[in-house]
Number of protein chains: 2
Amino acid sequence: MLGNFEFCNPTKIFFGKGAVENLRYELKYYGKNVMLVYGGGSIKKNGIYDKVVEILRDCGKNITEDGGVMPNPTSDKLAEGAKIARENEIDLILAVGGGSVCDYSKAVSVSAYCGEDPWEKYYERMEDVTNPIIPVGCVLTMVGTGSEMNGGAVITNHHKKLKVGHVFGYNVFPRFSVLDPEYTFTLPVYQMKAGCYDIMSHILEQYFSGEDDNTSDYIAEGLMKSLINSSRAAVRNPRDYEARSNIMWTASLALNTLIAMGKTTDWMVHMLGQAVGAYTDATHGMTLAAVSMAYYKKILPCGRARFARFARNVWGVQDSGDEMQTALAGLAEMEKWMKEIGLVMSLKELGVKDDMIEGIADATFILDGGYKVLTRDEVIEILRLSM
Amino acid sequence: MLGNFEFCNPTKIFFGKGAVENLRYELKYYGKNVMLVYGGGSIKKNGIYDKVVEILRDCGKNITEDGGVMPNPTSDKLAEGAKIARENEIDLILAVGGGSVCDYSKAVSVSAYCGEDPWEKYYERMEDVTNPIIPVGCVLTMVGTGSEMNGGAVITNHHKKLKVGHVFGYNVFPRFSVLDPEYTFTLPVYQMKAGCYDIMSHILEQYFSGEDDNTSDYIAEGLMKSLINSSRAAVRNPRDYEARSNIMWTASLALNTLIAMGKTTDWMVHMLGQAVGAYTDATHGMTLAAVSMAYYKKILPCGRARFARFARNVWGVQDSGDEMQTALAGLAEMEKWMKEIGLVMSLKELGVKDDMIEGIADATFILDGGYKVLTRDEVIEILRLSM
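Sequence order sets the numbering: in each chain, residues are counted from 1 along the sequence as written. Lettering of chains starts at A and numbering of ligands starts at 1, both following the order in which they are written. Where local features are concerned, this predicted model is filtered to residues with pLDDT of at least 70; where side-chain atom pairs are given and counted, the filter is 80 or more; whole-chain, interface and lining totals use all residues. Excluded from the side-chain calculation are hydrogens and water; included are all heavy atoms of the structure.

Trainee: Describe the overall build of chain A, with residues and values.
Mentor: The way it works is that DSSP assigns letters per residue, a run of H or I at least four long becomes a helix, a run of E at least two long becomes a strand, and they are numbered from the N terminus. Check the secondary structure of chain A and you find 15 helices and 8 strands. With the C-alpha coordinates of chain A rotated into their principal frame, the extents come out at 65 × 40 × 40 Å. Residue contacts are counted whenever heavy atoms from the two residues lie within 4.5 Å of one another. Restricting to contacts in chain A with at least 6 residues of sequence separation, those with at least 24 account for 79%. Where accessible areas are quoted, they stem from the Shrake-Rupley method and a 1.4 Å probe; at the residue level, only the protein chains shown are allowed to cover. If you sum the accessible surface of chain A, you get close to 13600 Å²; carbon and sulfur atoms cover 49% of it.

If you want it as C-alpha cells, here you go:
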C-alpha cells in the first residue's frame, strides 16, 4: 500500500554531453554575485573550472571562490563558508563537484543568514529553516550521493566525532543541476566504484522495508537492474558513455525521494557507514559496502519475503520453493556482483582498528524503519563481522 | 544510452486518504478568485464538490464555476472557458475531475490571455506560450491520463473532426495536485478499466522505441509490473485501496515525462486512438485497447529484441532461445491480461463502422519514433484488423 505522502522535486536537470552550456540561459534568473564552490581542485586539471568560469564571466557575474571543500565537509568549514556567503551578498551558490560539494553548498545556503552556529541549529537541534536562504545550482562531476536533486546535506563535526545528515525542504533543493556523464570520465576508478555502491545502497535502504505491494518498490527494482548492468560495463570500460550516463541518472533518481514515496525505509547501512566515516574519513561508498553483507544477513530472517522477491526480481534467481533459500541466493548474487566490480568488503581495509569498534557503535544512530531494530550488541556484532 | 535531455517537474503532489485537506494550506499561495472547473456533475453526488467548496469558502476565496466539461473537451468549450477566466480575473483554476477536466483547465490557463482563437494558436499552429498564464491546481477523481502532473492538454475540434494534444512547458504543469485514491472508488468500473489501459499504453508507447540500454526503460518495466498486478486486484475488488493507490501513482509517473528521458518514443497507438475518438467520442482508454494488439503485432518484427525483453522482464516469459517466439509469447500474455481485466478488444464495440475507417485513417497523424513508420495503407490494415 502507498501510505500518504507529499512529493515535490522542483530541481531542473540539464543532462548530457555539453549540458554545461545551458548555464548561459539559466544564470540569467539569478543575481550578479555567484559563490563558486569546489573541492580539492581536480576541476582545475580537467578543464571544468575554466569552462564554468568562462560562462560565469560571459554572463557578467562577480565570482567569489570557495574551494577546498573536503570529502566529508566539516562544521568548521561550514561556518567559514556561511560567513563568506553573507559578507559577499551572494545571490547564487554554484557547486562544482561531487556530493560533498553539493551537500556543503546546501548547508551554506541555509546557514548564511541563520544568525547563530549552523552546526548547533541544523545538526544538533535539527531545526527547520526559517531564515532566508541562498539558491544553489550544481555542476556535477562525481556521482553517487544524489545530492544534486534532493535537500540532503551531511556535515561532519570532528570535535564531536559525529557525521550527521539533515534533509531540508523543497526550497533548499538545487534550483538546477548540470549532469554531463563525460565529466565523470576522469574520476579515479576507485571513486567510481564507491559511487556505484553508494547508489545501490540508497536504493536497497529504501527497498528493504515494509511488506506491502507498492509502486515505489517496483521502480526501485528497475533502478537496481539498470545500475547492476551499467556498473559492470563501467568497470570494464570507464569511458563507456552509455554506462556512465545510466549510472549518473540512476544516482539522481535513487535519492530524489521518488522511491521512498508512500513507504517506510531502513537507512541503517548509512548510519553504520557514517559512523565509520566519522572515525576514518574513508570513502563513503566503501564504508557502506564494507558493512552491507553482515547487516543484510543479520536482518534477512526478519524480512524473508522481501529478500526472496529481491532475489527473483533483481537478480533473476529461480524460486526454489523455499523462501529462505531463495532469499539467501539473492544475497549471494549481490555479494558476487560487489566483488566483481571491486568494492571494499572489509572495514580493516578502510583503516578501522579493533579498538575503534566500540566508539563507532556509540556513534551509530539506531533507526527503526527496517525489518529489525538493532541492539548496541548487534551493531558491534555487525561491525566485527565486517572487519 | 541516455540521450541529452532536460527534466523538470515542479508539480507538488498531495497523495493519500484525506489529502484534500492540504488545500487549506496550499491555497494561501494564490489570489482570491478561483475558477472551479468540473465535468458532468458526478462530484456533486459523491461529496467531493461539497468538500472542495467548503475549503474554498473557509479560505475566503471567490468561486466562479465552470462545470460541464465533456469527456473530450471541445474547442468551443475552451473558447468559452477562456472568456470566463479573463472576465472574472481568475487567480487560480482549480480542476476537480479526471484527465479531461485537468486538460481543459490547462488549455484555459494558456488561452485566457492569448488574444486570439486558442484552437488556432495552440492546436493548429502549435505555438509556444508567450502570453501570461493562470496557475492550475487539480483534485483528481479519475486516473489514467497523467494530466495532473504534466503539461499536456488534448482538445477536440468537432467542426474539423480533429483531436489534438499540445504539450506545454513546466510553467503550465499543475502547481499542485491532490490525489486521493478513495476519490476513485465511485468511478464506474468501465472507466477504471479504461484508465488502467490508458496508463499501460502511456508506458508501452514510451518503452517500444530505441534499442539502447537505458535507465528509463527499466523504470518503465517496474511501472508496468506494478500496474499489471494492481489492475488485476482492482478488477477483483474496486475498493482495494492498495491496488487503487498504486494505480493512481503509477498513472502520474507514467506520463510525467520521467520514463521518456533520454530516449525516443513511439505514440502511434495514441494517434490511432485519438483519431477513433474524434469519430466516435468513445472512452479514450478503450480506443487504445481496441487498436493495440493489431498495432503491436504489426511492428513486432521491426523491434524483436525489445519485444522479447518485454516478454521476459514484464511478463516473466522464459526465454525460448528464439527471439521471435519469446516476443510473441509476451504479446500473448499481454492479450490475456487485457481480456482478463475486461478491456474492449474491438473497434466495432466502440461504434466504429466500416465506412468510417478511411476517415479515421486520414485523421491519424503518422509519427516516426517507433520501430516502424506506418504507411496510410498499414494504418487502414491495423484499423480493419481491430474491427
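Trainee: Tell me about empty space enclosed by the protein, and name the residues and values.
Mentor: The way it works is a 1 Å grid over only the protein atoms, where trapped points that fit a 1.4 Å probe form a cavity and open points with protein on both sides within 12 Å along at least five of seven lines form a pocket, and then any residue with an atom within 4 Å of a point lines it. Grid points are joined across faces, edges and corners, and a volume is the space filled by probe spheres set on the points. This structure, assessed with the given rule, holds 5 cavities of 30 Å³ or more. Residue lining of the largest cavity: F7(A), N9(A), M149(A), L253(A), N256(A), L258(A), F7(B), N9(B), M149(B), L253(B), N256(B) and L258(B), and that is the complete set. Contributing elements (two or more residues each) for the lining of the largest cavity: β1 (5–15) of chain A together with β1 (5–15) of chain B. Note that Gly is not counted as nonpolar here; it falls among the polar residues with everything else outside the nonpolar set of Ala, Val, Leu, Ile, Met, Phe, Trp, Tyr, Cys and Pro and the charged set of Asp, Glu, Lys and Arg. A breakdown of the residues in the lining of the largest cavity according to their chemical character gives 8 nonpolar, 4 polar and no charged. Every residue along the wall of the second largest cavity is listed here: Y218(A), E221(A), G222(A), K225(A), N313(A), Y218(B), E221(B), G222(B), K225(B) and N313(B). Of all the secondary structure elements, the ones that give two or more residues to the lining of the second largest cavity are α8 (215–236) of chain A together with α8 (215–236) of chain B. By residue class, the composition of the lining of the second largest cavity is 2 nonpolar, 4 polar and 4 charged.

Trainee: Pulling in residues and values, what's your account of helix α3 (residues 48–58) of chain B?
Mentor: Residue and element names in this part refer to chain B. If you check which residues of α3 are buried, you get I48, Y49, V52, V53, I55 and L56. Viewed along the axis of α3, the buried residues span an arc of 160°, placing them on a single side of the element. α3 presents R57 and D58 as exposed residues on the side facing more than 90 degrees away from its buried surface. Elements that come into contact with the buried residues of α3 comprise α1 (23–26), β2 (33–37), α2 (42–45), β3 (62–66), β4 (92–97) and β5 (136–140). Looking one or two residues past α3, G60 carries a phi angle of roughly 70°, positive in sign. Only protein chains enter the accessibility calculation, which uses a 1.4 Å probe; a residue is then buried when its area is under 20% of its type maximum, exposed when over 50%, and partly exposed in between. To be clear, the arc concerns the directions from the helix axis to the C-beta atoms.

Trainee: If you had to explain the side chain of S231(A) to someone new, which residues and values would you point to?
Mentor: Summarising the element assignment, S231(A) is placed in helix α8. For S231(A), the residues in contact, after removing those within four places along its chain, are C196(A), I247(A), W337(A) and I341(A).

Trainee: Tell me about unusual backbone geometry, residues and numbers included.
Mentor: Although it is not a glycine, W267(A) adopts a positive phi angle of roughly 75°. Turning to its location among the elements, W267(A) is positioned in the loop between α9 (241–254) and α10 (268–280). Although it is not a glycine, E89(B) adopts a positive phi angle of roughly 45°. Of note, E89(B) is situated in the loop between α4 (75–87) and β4. A relative accessible area of 56% places E89(B) in the exposed class.

Trainee: Break down the packing of helix α7 (residues 189–207) of chain B against helix α13 (residues 323–340) of chain B for me, with residues and values.
Mentor: All names here are of chain B. Where α7 contacts α13, the axes come no closer than 12 Å and their chain directions differ by 160°. The pairing of α7 with α13 is recorded here as roughly antiparallel in orientation. When the axes of α7 and α13 are compared, the crossing they make is left-handed. Contact with α7, carried on its side by Y197, M200 and L204, involves M334, W337 and M338 of α13 and no other residues of that element. In terms of residue class, the contact of α7 with α13 is made up of 6 nonpolar, no polar and no charged. Note on method: axes are straight lines fitted to C-alpha atoms, helices fitted across the in-contact stretch only, with angles between N-to-C directions ranging 0 to 180 degrees. Roughly parallel means an angle under 35 degrees; roughly antiparallel, over 145; roughly perpendicular, 65 to 115; everything else is oblique. Rotating anticlockwise by less than a right angle from the far helix to the near helix defines a left-handed crossing, while the corresponding clockwise rotation defines a right-handed one.

Trainee: For the pairing of β2(B), give the residues involved together with the corresponding values.
Mentor: Working note: regular strand, side chains alternate between the two faces of the sheet. All names here are of chain B. Burial within β2 is extensive, with 5 of its 5 residues counted as buried. Relative to β3, β2 runs parallel, the two sharing 5 bridges. Paired with N33 across the bridge in β3 is N62. Pairing of β2 with β4, which is carried by 4 bridges, proceeds in the parallel orientation. In the strand pairing of β4, V34 is matched with L92. Two strands pair under a simple rule: DSSP has to find at least two bridges between them.

Trainee: Which residues make up the packing of helix α7 (residues 189–207) of chain A against α8(A), and what are the values?
Mentor: All names here are of chain A. Axis separation between α7 and α8 bottoms out at 10 Å; the angle between their running directions is 165°. By the criterion of interaxial angle, the relationship of α7 to α8 is roughly antiparallel. In the crossing of α7 with α8, the sense of the turn from one axis to the other is left-handed. Note on element contacts: α8 touches α7 through D217, A220, E221, L223, M224, L227, I228, S231, A234 and V235, opposite M192, K193, C196, I199, M200, I203, L204, Q206 and Y207.

Trainee: Which residues make up a negative patch on the surface, and what values do they have?
Mentor: Here a patch means residues that are over 30% exposed by relative accessible area and free of salt bridges, tied together within 9 Å if like-charged and within 5 Å if nonpolar (Val, Leu, Ile, Met, Phe, Trp, Tyr). Throughout this description, the term salt bridge denotes a Lys or Arg side-chain nitrogen within 4 Å of a carboxyl oxygen of Asp or Glu. Two residue types count as positive, namely Lys and Arg, and two as negative, namely Asp and Glu; His and chain ends fall outside the count. All charge positions are set by atom: Lys at NZ, Arg at CZ, Asp at CG, Glu at CD. Among the surface-exposed residues, E211(A), D212(A), D322(A) and E323(A) lie close enough to one another that they form a single negatively charged patch. What makes D212(A) partly exposed here is its relative accessible area of 39%.

Trainee: Tell me what's going on with the sheet that holds strand β2 (residues 33–37) of chain A, and back it up with residues and numbers.
Mentor: Strands sit in the order β3(A)-β2(A)-β4(A)-β5(A)-β8(A)-β1(A)-β1(B)-β8(B)-β5(B)-β4(B)-β2(B)-β3(B) across an open sheet of 12 strands; the sheet is mixed. With partners counted over all chains shown, the strands left at the sheet margins are β3 (62–66) of chain A together with β3 of chain B, one partner each. Pairwise comparison of adjacent strand axes, ignoring direction, gives a mean angle of 25° for this sheet. Its contacts with the sheet place helix α5 (residues 99–111) of chain B against β2, β3, β4 and β5 of chain B, and it is angled at close to 165° to β4(B).

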